[in-house]
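Structural overview for review
Chain by chain, the residues:
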Amino acid sequence: ATLVISSADDSNGQASGTITVGPTTVPVSIYYHFQSNIGPATNLALVGSHSDPNFFIGGAGLTNYPGYPMIQMALGYSTVHNTVEGLQVTFYRAN
């Protein structure tokens with residue numbers, strides 16, 4: 001899986017981007033909160049959907065490192081092809 005965060009607003013804890021699982025790329029909304037409002041520990045939730053074919057994804061995760069070099073997440077997704085899957089993944093920041 002690949003997560004691309006294209007925009008983030010620290011003032012309200014909202015972000016957006018895409019997640020790619022296999023051949024499917026899905027737009028996602030991300031909601032996050034810094035520990036004590038300053039971090040570096042941050043919890044986040046992600047949700048997204050794609051039509052034609054139907055693909056729904058959601059998950060929760062955290063990052064606990066200054067500079068946010070990685071995000072650890074547990075995700076679940078379902079598809080129109082009678083598939084329900086779960087995965088635990090670590091996303092690394094591209095430089």
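Relevant structure appears above.
Residues numbered from 1 in each chain as written. Predicted model: local features only at pLDDT ≥ 70, side-chain atom pairs only at ≥ 80, totals over all residues. Heavy atoms only, no water.

Following the criterion strictly, the structure yields 3 aromatic pairs and no others. Relative to Phe-34, the ring of Tyr-32 has its centre 5.6 Å away and its plane inclined at 75 degrees; by these criteria the two rings are edge-to-face. We classify Tyr-32 as buried; its relative accessible area is 14%. The exposure class assigned to Phe-34 is buried, which follows from its relative accessible area of 15%. Aromatic side chains Phe-55 and Tyr-77 sit 5.2 Å apart centroid to centroid with 15 degrees between the ring planes, which places their arrangement in the stacked category. On the criterion of sequence distance, the pair formed by Phe-55 in strand S5 (residues 55–63) and Tyr-77 in strand S6 (residues 70–79) is long-range, its members being 22 residues apart. We note that Phe-55, like Tyr-77, is buried. The structure contains a cluster of three or more aromatic residues connected by ring pairs, namely Tyr-32, Phe-34 and Tyr-68. (Phe/Tyr/Trp six-rings, centres within 6.5 Å; stacked < 30°, edge-to-face > 60°. Buried < 20%, exposed > 50% of the residue type's maximum accessible area, 1.4 Å probe, protein only. Helix = DSSP H or I, 4+ residues; strand = E, 2+ residues; numbered from the N terminus.)

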